[in-house]
Amino acid sequence: MNQKELQKRLSQAMPEVPQSFHAAMQQTLDEIVQQEKAPQAGRALLRPRRALALGLILALLLATAAFAAYRWSIFDSLSFLTGSNPVNAGQVMQAHLAQTTVNGVEIAITEAGYDGRILLLRYSYRLPGVDRAFGIYENGRLTEGILPEDAALLDQYNVGWWTDHFWIDGQNMEMFAGSGGITTGSDVPGEIIVTEYWRLDAGNVQLKGSVDISLPIGQKPDTSKYFPLYEHPEWRDENGNFKMPDEGLVTFTLDVGDMLDRVVTLHPNQPVELSEATVQVSEAAFSPLMTYITLQLEGNPRALADFKTLHGEGWTDEQGNVIMPYSAMDVHGGWVNSLRLVDGNGTELFPGYSGINGWGDSWAEFLYPCVESLPDALWLAPVENGAANLSRAVRVR
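These lines cover the structure that appears in this document, whether it is placed above or below. From a predicted model like this one, the values you see are computed outputs, not experimental measurements. (Residues numbered from 1 in each chain as written. Predicted model: local features only at pLDDT ≥ 70, side-chain atom pairs only at ≥ 80, totals over all residues. Heavy atoms only, no water.)

### A closer look at the overall build of the chain
The helix and strand tally for the chain stands at nine helices and 23 strands. Each of the 397 residues in the chain was classed as buried or not, and the buried ones make up 41%. Put simply, 61% of the contacts in the chain that link residues at least 6 apart link residues at least 24 apart. (Helix = DSSP H or I, 4+ residues; strand = E, 2+ residues; numbered from the N terminus. Buried < 20%, exposed > 50% of the residue type's maximum accessible area, 1.4 Å probe, protein only. Contact = heavy atoms within 4.5 Å.)

Following this line, the structure appears as structure tokens:
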């Protein structure tokens, strides 16, 4: 194994670490270099310091390896979105961000991360004096989900999410389209875990450096003094947004660094004419955690007319009345849902992942886990029985 191969393997094994780590390492190495340039008479005195510095470097590398091995529980719930074990999770995620107690309920922000587009959150409530675990069990194993009556126990303590707003550095945000969340129990008695993913990119929100994120998950206030907002101008800023209140929030700091700069964004825009529509990938973004692909579609009017000739004018009720006319998405929906991410040889990168995150008359979005090593060619191609049809594929890269 030569030096270049060794460096490559080390870079693959070790996650990206904070800038402070790089700075400390660089300072140590710079000092060693300066000492090595010192006159020969002083060389004998430098060896213990060199050994100490090398020992420090080894300790830092071992700490980094331990950091890489940290088990991120958030991906147990978000495996459908990010994969069950993202290779670059350590580059994106941070743990143990905040903890407080409200009305006897322990609230903890346990994991959070931002990949340049999406914000991932995992937080928990632990109710006092509860000696049983919440959740839904099958064959003795905890599954996703929680019984409604268990989740409702939070109301007894007047604690929990009380508005569809949150704040980043004091600026109001509303839950953006494409966001979602899962509430579960755990093996810990009295614990409720909430896992959420927020599509900040859908609101053109970009984070950089250290940001303060305030969640409305503390003590529930009397919301009548805030809502409806049009009746309370004192709680609206100059843009009509909800000012950050001084109650009911749990705030934590997340250092996202230069994550925006680490997202590789392409705009292939190579149109393909199909019988159903003319299609092209307008954007493909590759973050350290996920892959985002936006497909632009222009329906073929002739194909829609033929479709209506075969199937009627639209979706009907029991009496045969059209309640929703057929549109372009009904024509190309089958093709869109057959697409998978493949390389230039037609091999699926993520077998078992459909990737489809929604589609309409003129668009479709696909989300996949991170592509560790981008191949020279990427396509969205219809796949049937494991075989990709590249003649009806659209270029991603």
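Having seen it, we continue.
### Observations regarding the sheet that holds strand β10 (residues 210–215)
Sheet strands pair via backbone hydrogen bonds, and the direction of the pair is either parallel or antiparallel. Taken together, the four strands give an open sheet; going across it, the order is β7-β6-β10-β11, and neighbouring strands pair in antiparallel fashion. In the strand order of this sheet, the two ends are held by β7 (171–174) and β11 (250–255), each with one partner. If you compare each strand with its neighbour and ignore which way they point, the axes differ by 30° on average. Direction of pairing for strand β6 (residues 165–168) relative to β7: antiparallel, over a ladder of four bridges. Each residue of the ladder has a partner; that of H165, found in β7, is E174. (Pairing = 2+ DSSP bridges. Axes fitted to C-alpha atoms, helices over the stretch in contact; angles between N-to-C directions.)

### A few points about the nonpolar core
One finds Y125, L200, F252 and L254 to be the most contacted residues of the largest nonpolar core, which totals 54 residues. Residues in contact with F252, not counting those within four places in the same chain, are L97, A98, I109, A112, L121, V211, D212, I213 and L215. In this structure, L295, Y368, V371 and V394 belong to the second largest nonpolar core, which totals 23 residues. (Core = buried A, V, L, I, M, F, W, Y, C linked by side-chain atoms within 4.5 Å.)

### Some details on helix α8 (residues 301–311)
Two to three positions downstream of the cap, the backbone nitrogen of R302 sits 2.9 Å from a side-chain oxygen, assigning the N-cap of α8 to N300. Once α8 ends, the next one or two residues include G312, with phi positive near 95°. (Polar contact = N/O pair within 3.5 Å; in protein donor to acceptor, adjacent residues only side chain to side chain.)

### Observations regarding the sheet that holds strand β3 (residues 119–126)
One open sheet holds the five strands; their spatial order is β1-β2-β3-β9-β8, and the pairing between them is antiparallel. A strand with exactly one partner marks an edge of an open sheet, and here the two such strands are β1 (93–102) and β8 (180–184). Averaged over all neighbouring strand pairs, the angle between strand axes comes to 15°, with direction disregarded. Where β8 and strand β9 (residues 191–198) come together, five bridges link them in antiparallel fashion. Bridging across to β9, T184 finds its partner in I193.

### Here's the deal with a nonpolar patch on the surface
On the surface, a nonpolar cluster with roughly 360 Å² of combined accessible area is contributed by W315, I323 and M324. The topology assignment puts M324 in strand β17 (residues 322–325). (Patch = residues over 30% accessible without salt bridge, like charges linked within 9 Å, V, L, I, M, F, W, Y side chains within 5 Å. Areas by Shrake-Rupley, 256 points an atom, 1.4 Å probe, with all protein chains shown as cover. Salt bridge = Lys/Arg side-chain N within 4 Å of Asp/Glu carboxyl O.)

### Let's talk about the packing of aromatic side chains
Overall, the coordinates contain 14 aromatic pairs when judged by the stated rule. Taking 5.9 Å as the distance between ring centres and 85° as the angle between the ring planes, the aromatic pair formed by Y123 and Y125 counts as edge-to-face. With respect to class, Y123 is no different from Y125; both count as buried. Taking the centre distance of 4.8 Å and the plane angle of 75° together, the rings of Y226 and W235 count as edge-to-face. Given the relative accessible area of 0%, Y226 is considered buried. Members of the aromatic cluster, joined through ring pairs, are W162, W167, Y226, F227, W235 and F242. (Phe/Tyr/Trp six-rings, centres within 6.5 Å; stacked < 30°, edge-to-face > 60°.)

### Topic: the pattern of salt bridges
Applying the stated criterion across every chain yields a total of 11 salt bridges. With a shortest N-O distance of 3.8 Å, R117 and D201 are connected by a salt bridge. Here the residue R117 occupies a position in the loop between β2 (105–114) and β3, and D201 occupies one in the loop between β9 and β10, the gap between them amounting to 84 residues. Assessed through its relative accessible area of 14%, R117 is described here as buried. Between R199 and E365 there is a salt bridge, with the nearest N and O atoms lying 2.8 Å from each other. Placement of the pair is R199 in the loop between β9 and β10 and E365 in strand β20 (residues 363–369), with a sequence separation of 166 residues. In this structure, R199 and E365 share a single accessibility class: buried. Three or more residues are tied together by salt bridges with common partners; here these are R117, R199, D201, E283 and E365.

### Some points on the pairing of β17
Summarising the sheet, strand β16 (residues 314–316) and β17 pair through three bridges and their orientation is antiparallel. Within β17, the residue paired with W315 across the bridge is M324. Joining the antiparallel neighbours β16 and β17 is a turn of five residues, in which G320 adopts a positive phi near 85°.

### Topic: the environment of V371
For V371, the position within the fold is in the loop between β20 and β21 (378–384). Contacts of V371, omitting those with residues within four sequence positions, involve F286, T291, L341, L349 and F350.

### Brief notes about the side chain of S287
As for its placement among the helices and strands, S287 is situated in the loop between β14 (277–286) and β15 (290–299). Taking the relative accessible area as the measure of exposure, S287 reaches 6% and is therefore buried. One polar contact links S287 to D115, side chain to side chain, over a distance of 2.6 Å. From its side chain, S287 meets the backbone nitrogen of M290 in a polar contact 2.8 Å long.

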